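# Architecture at a glance
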Amino acid sequence: MESALTARDRVGVQDFVLLENYTSEAAFIENLRKRFKENLIYTYISSVLVSVNPYKDLEIYTKNHMERYRGVNFYEVSPHIYATSDNSYRSMRTERRDQCILISGESGAGKTEASKKILQYYAVTCPASDQVQTVKDRLLQSNPVLEAFGNAKTLRNDNSSRFGKYMDIQFDFKGAPVGGHIINYLLEKSRVVHQNHGERNFHIFYQLIEGGEEDLLRRLGLERNPQHYQYLVKGNCPKVSSINDRSDWKQVRKALTVIGFSEDEVEELMNIISSVLHLGNMQYGGDDGGSACITSDTQIKYLSRLLGVSGTVLTEALTHRKIIAKGEELMSPLNIEQASAARDALSKAVYGRTFTWLVNKINGSLAYTDESNKNSSVIGLLDIYGFEVFQYNSFEQFCINYCNEKLQQLFIELTLKSEQEEYEAEGITWEPVQYFNNKIICDLVEEKFKGIISILDEECLRPGDASDITFLEKLEDTVGSHPHFVTHKLADTKTRKLMGREEFRLLHYAGDVNYNVNGFLDKNNDLLYRNLKEVMCMSENKILTQCFDREELTDKKRPDTAATQFKSSLAKLMEILMSKEPSYVRCIKPNDSKQAGRFDEVLIRHQVKYLGLMENLRVRRAGFAYRRRYEIFLQRYKSLCPDTWPNWQGKLPEGVSTLVKHLGYKPEEYKMGRSKIFIRFPKTLFATEDALETRKQSLATKLQAGWKGYTQKTKYQKLRRSAIRIEAWWRGILARRRAQRRRKASDTIRRFIRGFIYRHQERCPQNEYFLDYVRYAFLMNLHRNAPKNVLDKSWPTPPPALTEASEHLRKMCMQNMVWTYCKKISPEWKHQMEQKTVASELFKDKKDNYPQSVPKLFVSTRLSTKMAQLEGQHQYAVPVTKYDRNGYRARPRQLLLTGDSIVIVEEGKMKQRIEYGALKGISVSSLSDGVFVLHVPSTDNKQKGDVVLQSDHVIETLTKVAICGEKADNVNINQGSITFALSQGKEGVIDFTPGSELLVAKAKNGHLAVVSTQTSG
Ligand SMILES: Nc1ncnc2c1ncn2[C@@H]1O[C@H](COP(=O)(O)OP(=O)(O)OP(=O)(O)O)[C@@H](O)[C@H]1O
Ligand SMILES: [Mg+2]
């Protein structure tokens, strides 16, 4: 129910008890309709299951579904036939009390399907062993067999059960199904000989004809065409699209084998079935006296063989009636009509008794034989015809509806009784429930001497001209005043219009039904002429010998009429059911056209009424809508009260009491029993349920938050731990690295110090590192600070070990620089350098103004361009001052160097030419003056003595002269004075003195005095 509570807003209510407007039929039907539309075919009325036939296969009967319902509390899952099955099973197991499940509803409402589902549920979910498996198989296989022989296509149902069935399933102490027992009720035998239009005979006839093997059919004298058999064509509908007779035959044959039928038994059974068909085809003719005779022998021949009786005897029995008059047996011929009736009676009797035999045979195979196990329990399944109201209602409907009255009676007694017992057990004051007790109708039908059945029996038995009409009159006389009985004669004018003269009306609990009395007496008598019984008793067919007992013939007591038999079997059934705890399945048919999804409200309202569902609901609701054991109630709702949440420590009733007070229940809304709380109105419960729903949300949020917090915290802690671990590792790595570096550094320092100490010793382990380092450092230093040009003479000081190498390197470095320098040098520069080299060799450290000349480049001419042109071809030209030999007067001249001589020119006019070959030497002072003397041989007449010249570029001029004249070795650098030759053997002297100012003049001593400064040159 709890699941019903939570789901109630979605598709109606799952339990009608929770319907607020429980007295409204419209609300009831609306709830059914809503659910049906959503394929929710099951709804409870408390423990009663209401099932609406979906007329389509729903995916709700799988093994998974079975598992879902197995061992689960009835009210925790949505309504289902499996929940009902499981509930009964568990009650049987836990309370050790026999159970029964009563399935009712009108034809086609799904009773048989429901009973099969229950059986399948037990077969699948109950524990099993090999032996149990056989029983399970037999239990399951009994269905197709019984359906073949007892079901037929009717207008209402293509597989309508034409008998009532009660089946006990026995379970051992472990809960495994170990046996079964079936009781059948009132097979509709009349169908064997007659079917209404659109209906068929029992399935087995068609199955045999369609599916029977050729051989078998030949033996049975049958043709594979149902149209050939009178008994099969009455309804003009031998073929039904929804039925496959051929495959059903195979299934039935297999089922018969599983149940334990031998081949012979099957053969004999089929002999009987086919004999019925042959009986139906028997043709009668009349002789002159109107007596019937059989016109064709064929059937008799077959019948004699199939039934194992003499053909002649059978023929006679079928056309005569044995009368015992005054102790004498007489054979009275029958007219055609009588003979046909006798034949039909025989067919019905043969078939009916064979059906009973079949049930017994199945019972034999299902019987639980283990006598040692007395502890077995039982679940009974009652699949019995529901209330029937047709246009024309006959004896069968009378019996069926009587049966339903009895079941309603049982239901009222059991339901009210159990309700009452519950209140008593719980110590709650019983409040009487207003309901219609149909006992009065049951009595009307069954009361001894005064009831309808008694009156019917009386009419059947009494001598004289009893007929259906006299029976009706008798009824009027005897029960005419009964409030639930009306006939045409007794009725008011309004009712009379709706009734035939041959009808009586019973006001059943479920509605009024008019019964036509025609055929009541015959059907009740169910008469089979004695001589036909005798023939059957002589049969060699083993099944028939069991069906027709010879004792029957000798027994003087008249057998009970059909109605009485039915009454007693019902009484027995009631006894059986009363001894068990009942569960109810009320089946409803949604429409008359076997269509899925069609909800015919009129039809359903009718069924709701005659199934007594509103009554049922009212009874249930008269007391309390909801009751639940304290522990379950508290467990479910404890979260709604701070005192009971999360756990109630005290006694359960006090906990529940605290809880409901907290919820604000008013005293009239609930009662506290001994072990249960009873809540009167659904709205109270819904309010609680709504509160729970809200609470669940907030609890869920809280739980979610808590959980999220917890998971986040755990995650965070994990992250934190991981981070710390990584940090620690990393720190460790760093520290180790640092330590390693320090160790390395200290090692290095130590090695350095040690190396330093041992640095002067031979290479040894103590100093090798140091030495290597010093070498390395030197080389690196050299690499960084090596001289960059040839003039840079710096060189790092090498360690002692590298002195030699350093020297090599230094040379290599210098060579390399020189080589690089030389490679870069131009020819002009080379020439310049060569001249500079010569100058250096000549004057370095010898003449004072040499250093000043070094940075000045030598040029090829120092004359103005114009003058140089005048001088013509020369290699060098420079202005000079010539001091003549006589007064040392200074005369400006130009000195030119040609390829072979020195030429002194004055303004373009050659004054003197000295060939290089004639140049003896060149003299110059060591001071910084520019005076020099070109010595020529005194023997050369062309010359007038040595030439005294002065050049401002004396170093350059003399170097050029020395180079051109190849006179490098002839340059003399003189200290103090130079003596030079004058013409005619005279000599002149030049005195050189350092001074502050350049001065060249004739001194008093006749010498040429040259005072030179430091800067000139
Ligand atoms: N639960 C169900 N699911 C699907 N189809 C169903 C279900 N119940 C019944 N039916 C359909 O309805 C048909 C009639 O059902 P069933 O034979 O059980 O009716 P019944 O109440 O036993 O009728 P009768 O009183 O005539 O024997 C079935 O053959 C089947 O087609
Ligand atoms: Mg049925």
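Scoring rules and cut-offs
Residues numbered from 1 in each chain as written. Chains lettered and ligands numbered in written order. Predicted model: local features only at pLDDT ≥ 70, side-chain atom pairs only at ≥ 80, totals over all residues. Heavy atoms only, no water. Helix = DSSP H or I, 4+ residues; strand = E, 2+ residues; numbered from the N terminus. Rg over C-alpha atoms; globule rule 2.2 N^0.38 Å. Contact = heavy atoms within 4.5 Å. Areas by Shrake-Rupley, 256 points an atom, 1.4 Å probe, with all protein chains shown as cover. Lys, Arg positive; Asp, Glu negative; His and termini not counted. Charge placed at Lys NZ, Arg CZ, Asp CG, Glu CD. Salt bridge = Lys/Arg side-chain N within 4 Å of Asp/Glu carboxyl O. Buried < 20%, exposed > 50% of the residue type's maximum accessible area, 1.4 Å probe, protein only. Near = heavy atom within 4 Å. Polar contact = N/O pair within 3.5 Å; in protein donor to acceptor, adjacent residues only side chain to side chain. Nonpolar A, V, L, I, M, F, W, Y, C, P; charged D, E, K, R; others polar. Donors = N, O, S within 2.8 Å, 3.2 Å for Na, K, Ca; no water. Pairing = 2+ DSSP bridges. Axes fitted to C-alpha atoms, helices over the stretch in contact; angles between N-to-C directions. Expected span 1.5 Å × (residues − 1). UniProt positions renumbered as here; feature names shortened; annotations may be inferred. Core = buried A, V, L, I, M, F, W, Y, C linked by side-chain atoms within 4.5 Å. Phe/Tyr/Trp six-rings, centres within 6.5 Å; stacked < 30°, edge-to-face > 60°. Lys NZ or Arg CZ within 6 Å of the ring centre and 35° of its normal. Left-handed = near helix turned anticlockwise from the far one by under 90°. Patch = residues over 30% accessible without salt bridge, like charges linked within 9 Å, V, L, I, M, F, W, Y side chains within 5 Å. Disulfide = S-S within 2.5 Å. Parallel < 35°, antiparallel > 145°, perpendicular 65-115°, else oblique.

## Regarding the overall build of the chain
For the chain, the helix and strand inventory stands at 35 helices and 31 strands. Here the C-alpha radius of gyration of the chain, 72 Å, is well above what a compact globule of 1017 residues would show, namely 31 Å. Each principal axis of the C-alpha distribution contributes one length, and for the chain these read about 225 × 75 × 70 Å. In the chain, the share of contacts with a sequence separation of at least 24, taken over all contacts with a separation of at least 6, comes to 62%. Summed over its atoms, the accessible surface of the chain is roughly 50000 Å², and 51% of this surface lies on carbon and sulfur atoms. Positive and negative charge centroids in the chain, built from 147 and 124 side chains respectively, lie 14 Å apart.

## Observations concerning the pattern of salt bridges
In this structure the tally under the stated criterion is 57 salt bridges. The salt bridge involving R156 is made with E106; its shortest N-O contact spans 3.9 Å. Remark: E106 occurs in the loop between β3 (99-105) and α5 (111-125) and R156 occurs in the loop between β4 (151-152) and β5 (160-161); sequence separation between them is 50 residues. Its relative accessible area of 26% is what places R156 among the partly exposed residues. On the basis of relative accessible area, E106 is assigned to the buried category, the value being 6%. Across the pair E631 and R629 runs a salt bridge whose closest N-O atoms are separated by 3.2 Å. A relative accessible area of 37% means that E631 is categorised as partly exposed. R629 sits in the partly exposed class, given a relative accessible area of 36%. When salt bridges that share partners are traced, they join E106, R156, K589 and D592 into one network.

## Some remarks on unusual backbone geometry
In most cases, non-glycine residues show a negative phi, while peptide bonds are predominantly trans. Along the chain, W645 connects to P646 via a cis peptide bond; the corresponding omega equals 0 degrees. One can find P646 in the loop between α27 (630-637) and α28 (652-663). One non-glycine residue, K594, lies in the positive phi region at around 55 degrees. The topology assignment puts K594 in the loop between β16 (581-588) and α25 (601-610). Its relative accessible area of 27% is what places K594 among the partly exposed residues.

## Comments concerning the site of ligand 1
Ligand 1 sits among 17 residues. The nearest are S107, K111, T112, S160 and S161. At 2.9 Å from an oxygen atom of ligand 1 is found a main-chain nitrogen or oxygen belonging to G110. When isolated, ligand 1 has an accessible area of 630 Å², and the protein chains bury 86% of it. If you list the elements that add at least two residues to the shell around ligand 1, you get α5 and β5. Considering only residue class, the shell around ligand 1 consists of four nonpolar, nine polar and four charged.

## Thoughts on the coordination of the magnesium ion (ligand 2)
Around the magnesium ion (ligand 2), the protein supplies T112 (OG1) and S161 (OG) as donor atoms, at distances of 1.9 to 2.1 Å. A residue pair is termed long-range when its members are at least 10 positions apart, and T112 in helix α5 and S161 in strand β5 qualify at 49 residues. Like S161, T112 is buried.

## Section: the pairing of strand β10 (residues 320-325)
One ladder, built from six bridges, connects β10 with strand β11 (residues 328-333); its direction is antiparallel. Each residue of the ladder has a partner; that of I323, found in β11, is L330. Adjacent in sequence and paired antiparallel, β10 and β11 are bridged by two residues, among which K326 carries a positive phi angle near 50 degrees.

## Considerations on the sheet that holds β16
Strand order in this open sheet of seven strands is β1-β2-β16-β3-β12-β6-β7, and the pairing throughout is mixed. Of all strands in the sheet, those bounded by a partner on one side alone are β1 (42-45) and β7 (177-185). Across the sheet, the axes of successive neighbouring strands diverge by a mean angle of 20 degrees, strand direction being ignored. Two strands pair when backbone bridges link them, and β3 and β16 are joined in this way by seven bridges, in the parallel orientation. Bridging across to β16, I103 finds its partner in V585. Relative to β1, helix α2 (residues 25-37) is tilted by about 150 degrees, and along the sheet it contacts β1, β2 (48-52) and β16.

## Considering α5
One turn of an α-helix holds 3.6 residues; hence residues three or four places apart share an orientation. Taking 1.5 Å of rise per residue, 15 residues should cover 21 Å, and α5 covers 21 Å from first to last C-alpha, within 8% of that figure. Within α5, 12 of the 15 residues are buried, which leaves it mostly tucked inside the rest of the structure.

## Structural notes on the pairing of β7
Sheet faces and side chains relate simply in a regular strand, where the side chains alternate between the two faces. By the criterion of burial, β7 is predominantly enclosed, with seven of the nine residues buried. Between strand β6 (residues 164-171) and β7, which follow one another and run antiparallel, lie five residues, and G175 among them has a positive phi close to 90 degrees.

## Comments concerning the UniProt feature "binding site: ATP" (unreviewed entry) in the chain
The feature "binding site: ATP" (unreviewed entry), as given by UniProt, occupies G105, E106, S107, G108, A109, G110, K111 and T112 in the numbering adopted here. Dropping the residues within four chain positions of it, G105 is found in contact with K111, I384, Y385, G386, C587 and L611. When neighbours within four sequence positions are excluded, E106 is seen to be in contact with K111, R156, G386, F387, C587, K589, D592, Q607 and Y610.

## Description of the nonpolar core
F149, I204, F205, M270 and F504 are the most contacted members of the largest nonpolar core, which has 193 residues in total. Of all the elements, helix α14 (residues 336-366) adds the most residues to this core, at 13 residues. When neighbours within four sequence positions are excluded, F149 is seen to be in contact with F202, I204, L269, M270, I273, Y351, F355 and L358.

## Considering the packing of aromatic side chains
Scanning all chains against the criterion turns up 35 aromatic pairs. Above the face of the Y769 ring, R751 is positioned so that its terminal group lies 4.1 Å from the ring centre. The ring of F756 has R759 sitting right over it, with the charged end atom 3.8 Å from the ring centre.

## Quick word on the sheet that holds strand β14 (residues 503-508)
The three strands are arranged β13-β14-β15 in an open sheet whose pairing can be described as antiparallel. Edge strands, defined here as strands with exactly one partner in the open sheet, are β13 (485-487) and β15 (511-516). In this sheet, adjacent strand axes meet at a mean angle of 25 degrees when their direction is disregarded. Direction of pairing for β14 relative to β15: antiparallel, over a ladder of six bridges. Following the sheet pairing, L506 is matched in β15 by V513.

## A word on the environment of G655
Mapped onto the fold, G655 is located in helix α28. Sequence separation between G655 and R219 is 436 residues, and the spatial gap between their C-alpha atoms is 78 Å. The residues contacting G655, other than those within four sequence positions of it, are L634, T644 and W648.

## What about the packing of helix α17 (residues 452-461) against helix α24 (residues 562-578)?
Two elements in contact, α17 and α24, have axes separated by 9 Å at closest approach and are oriented at 150 degrees. Crossing handedness for the pair α17 and α24: left-handed. Of the residues in α24, those in contact with I453, L456 and D457 of α17 are A563, T564 and K567.

## Examining a nonpolar patch on the surface
Residues I749, I753 and I757 make up a contiguous nonpolar surface patch of about 310 Å² in total accessible area. Here I749 shows up in helix α29 (residues 682-757).

## Concerning the state of the cysteines
Here the structure, examined in full by the defined rule, presents zero disulfides. With no disulfide partner, C399 has as its closest neighbouring cysteine sulfur the one in C403, 9.3 Å distant.

## Thoughts on the packing of helix α11 (residues 263-280) against α14
In the contact formed by α11 and α14, the axes pass within 9 Å of each other and the chain directions differ by 160 degrees. Taken together, the axes of α11 and α14 lie roughly antiparallel to each other. Handedness of the α11/α14 crossing: left-handed. Residues E265, L269, I272, I273, V276, L279 and G280 of α11 form the contact with α14, whose own contacting residues are R343, L346, S347, V350, Y351, T354, W357, L358 and K361. Of the residues that constitute the contact of α11 with α14, the class distribution is 10 nonpolar, three polar and three charged.

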